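Coordinates in review
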Amino acid sequence: MASVEAFRVLEQSQVSPPNGSAPPASIPLSFFDIVMSTAGPVRRIFFYDFPHPTAVVVDSVLPRLKSSLSLALQQFYPLAGNLMCSSSPDDRSGIGCAYGDSVSFIVAECVGVDFQELSGTRAHNVAELQLLAPRLVWSGAAKPLLAVQVTVFPNHGFAVGASVSHTASDGSSYVHFMNAWASACRTGQLAEPAPSFDRTAVPNPLHLRSVNIFPGFDRCGADESPTLASDFVCATFCLTQDQLQRLKRSVTAKFDEPHGSFHCSTAVVTYAYAWICLVKTFGYAGDRIAHLIFLADYRARLQPPLPTTYFGNCIVPCFVEVKVSDLVGEDGIVVAAEAIGKAIQGLRDGAALEGVHGWGGRWQLAATQQAMTVAGSARFRVYDADFGWGRPVKVEMVIHRPGTLSLAESRSGDGVEIGLSFDRPEMDLFERHFSDGLKRLSE
């Protein structure tokens, strides 16, 4: 584990949009923004190979990263603003943008830490990752929505950490911004499609106006990272295209057609397989109900649909419940895939919003039952974030809670990556269940 002496801050500064490029504005929070305001920030770390001394990074890399971030904030100007909310739940919450808004930009150095291990797939300490992901510090009226940190590993590489409040952005919007920033750094100009902040077509079925309806939202929206034990580790597990196809065939070969059909997608079998491994790791009793929650992008499913460039939150929770004995049984992958596939089918034509009044209760119940939750998506293409020094060698999402999985496409394009965090004994057990299941699949 990295010691405090191995990590030091070299510089703290602010980055603003170009002068006069981002006019004052107030963007109201949508229904989805308010619902997601109690979720912690979206925190990812992008690792890049760059075998040069710190001085080279400071002189050649940092100026380009800062100038291109300023350029990207010209289009994504709300991320330089602040969350505006009063103590009254009747007042409309929003994002306030003003001249002079800026984003915290920290430069740090990490010496004596194995860059290859930290940017690899094998188990490594989560507390070390926390050092690389900047915190969103909320104090009084200052409630920033984005913080950036660049950490240099001398003669090895550097990491770009970006934390975005979930009040301002879902995962799709986060990646849109990161790719726009990376493109601006690589090419010197804004090449990504401009984001849309128009909330007029976003429904508000519960007539929500303020984040203050949720007690303690200000503690959730910012980032107070917990103190983690030294044996709390994270690791990445990969499913190749061949393994994904085998999983799909194992489902479709046994699926009982008279009970209906569903699309057996990559997401479906990935969720299903990881869920089974997780339930086995936790060792639940057979008569217990296992819970799974994943978030689905709702832009294209609304009527009328929102543009893909819509910036903000537009995600809905999907809740899946299956008896443990069915999940760990011989046909567990079929049972899990069918339940997940049908939950996805229920998203069609705006139907998911019909159950919106029950979201809170179902989420609370699942939370008490140690549900598996999924963050990220293999469709985000996080490995496309090339700032001009090549694609990232690893993209890591910081996860503090056992049972939460992050999902991304594999760097090679041959499958998906599953990231999760556990105490080391549980991680070893999960790894055994994961590998044993794949061995049986290939028999």
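Look up: the structure comes first, before these words.
These notes cover the structure that comes with them.

Criteria and thresholds
Residues numbered from 1 in each chain as written. Predicted model: local features only at pLDDT ≥ 70, side-chain atom pairs only at ≥ 80, totals over all residues. Heavy atoms only, no water. Core = buried A, V, L, I, M, F, W, Y, C linked by side-chain atoms within 4.5 Å. Buried < 20%, exposed > 50% of the residue type's maximum accessible area, 1.4 Å probe, protein only. Helix = DSSP H or I, 4+ residues; strand = E, 2+ residues; numbered from the N terminus. Contact = heavy atoms within 4.5 Å. Pairing = 2+ DSSP bridges. Axes fitted to C-alpha atoms, helices over the stretch in contact; angles between N-to-C directions. Salt bridge = Lys/Arg side-chain N within 4 Å of Asp/Glu carboxyl O. Patch = residues over 30% accessible without salt bridge, like charges linked within 9 Å, V, L, I, M, F, W, Y side chains within 5 Å. Areas by Shrake-Rupley, 256 points an atom, 1.4 Å probe, with all protein chains shown as cover. Lys, Arg positive; Asp, Glu negative; His and termini not counted. Charge placed at Lys NZ, Arg CZ, Asp CG, Glu CD. Expected span 1.5 Å × (residues − 1). Bend = angle between axes of the 7 residues up to and from the residue.

Further remarks concern the nonpolar core. Core analysis: the largest hydrophobic core is formed by 127 residues, its most contacted members being L65, F105, F177, W181 and W275. When residues in this core are grouped by element, the largest group, 12 residues, is from helix α8 (residues 266–282). Residue contacts for L65: discarding those within four places in its chain leaves F105, V150, W181, C185, F387 and W389. Counting 18 residues, the second-largest nonpolar core is a separate cluster that includes I45, C110, L132 and A133.

Another aspect to go through is the sheet that holds strand β1 (residues 7–15). Sheets are built from strands paired through backbone hydrogen bonds, the pairs being either parallel or antiparallel. Strand order in the open sheet made by the 6 strands is β1-β6-β8-β9-β3-β14, with mixed pairing throughout. Across the chains shown, the open sheet's two edge strands, defined by having one partner strand only, are β1 and β14 (394–397). Averaged over all neighbouring strand pairs, the angle between strand axes comes to 20°, with direction disregarded. Sheet topology places strand β8 (residues 146–153) next to strand β9 (residues 157–164); 8 bridges connect them, and they run antiparallel.

Here the focus is the sheet that holds strand β13 (residues 372–376). Taken in spatial order, the 7 strands make up an open sheet running β7-β10-β16-β15-β13-β11-β12, and their pairing is mixed. Among the strands making up the open sheet, the edge pair consists of β7 (124–125) and β12 (315–323). Bridging between β13 and strand β15 (residues 404–409) involves 4 bridges; their strand directions are parallel. Opposite T373, over in β15, you have T404 as the bridge partner. In the packing of helix α12 (residues 424–442) onto the sheet, contacts are made with β10 (232–239) and β16 (416–423), and the angle to β16 comes to roughly 145°.

Moving on to the side chain of R299. With respect to the element layout, R299 can be found in the loop between β11 (289–297) and β12. Judged by its relative accessible area of 3%, R299 is buried.

What follows concerns the pattern of salt bridges. Note that side chains of opposite charge can pair when their charged atoms are close. Taken as a whole, this structure holds 11 salt bridges when the rule is applied. One salt bridge in this structure joins R246 and D242, with 3.0 Å as the shortest N-O distance. Of the two residues, R246 and D242 are both situated in helix α7 (residues 241–252); the distance of 4 residues between them amounts to about one turn of the helix. For R246, a relative accessible area of 29% corresponds to the partly exposed category. A salt bridge links K394 to E417; its shortest N-O distance comes to 3.9 Å. Placement of K394 in strand β14 and of E417 in strand β16 is noted, with a sequence separation of 23 residues between them. On the basis of relative accessible area, K394 is assigned to the buried category, the value being 3%.

This paragraph deals with the environment of I344. For I344, the position within the fold is in helix α10 (residues 332–345). With a relative accessible area of 25%, I344 lands in the partly exposed category. In this structure, the C-alpha to C-alpha distance between I344 and A296, residues 48 residues apart in sequence, is 8.1 Å. Residue contacts for I344: discarding those within four places in its chain leaves V268, F294 and R301.

On to the pairing of strand β6 (residues 103–110), then. Of all 8 residues in β6, 7 are buried; the element is thus mostly enclosed. Strand direction decides the pairing type here: β6 and β8, joined by 6 bridges, are parallel. Pairing of V107 across the sheet is with V150, part of β8.

Geometrically, the link from Q303 to P304 is a cis peptide bond, its omega value of 0° lying close to zero. Checked against the element boundaries, P304 lands in the loop between β11 and β12. Here Q370, not a glycine, exhibits a phi torsion of approximately 55°, which is positive. A relative accessible area of 34% places Q370 in the partly exposed class. Despite not being glycine, R381 shows a phi value in the positive range, around 55°. Overall, the relative accessible area of 43% leaves R381 in the partly exposed class.

A surface patch of negative charge is lined by D231, D423, E426, D428 and E431. Among the elements that line the negative patch, the one with the most residues is α12, at 3 residues. Its place among the elements puts E426 in helix α12.

Another aspect to go through is helix α2 (residues 54–75). A rise of 1.5 Å per residue sets the reference length of α2, with its 22 residues, at 32 Å; its end C-alpha atoms lie 31 Å apart and thus fit the reference within 8%. Within α2, the axis deviates most sharply at V61, by approximately 40°, and proline P63 lies no more than four positions further along. Among the residues making up α2, those that are buried are T54, V57, V61, L62, L65, S68, L69, S70, A72, L73 and Q75. Contacts made by the buried residues of α2 are with β1, β6, β8, β9 and α5 (171–187).

Mapping N179 onto the fold places it in helix α5. Along the backbone, N179 and F387 are 208 residues apart, and their C-alpha atoms lie at a distance of 8.6 Å. Dropping the residues within four chain positions of it, N179 is found in contact with E192, F380, R381, D384 and A385.

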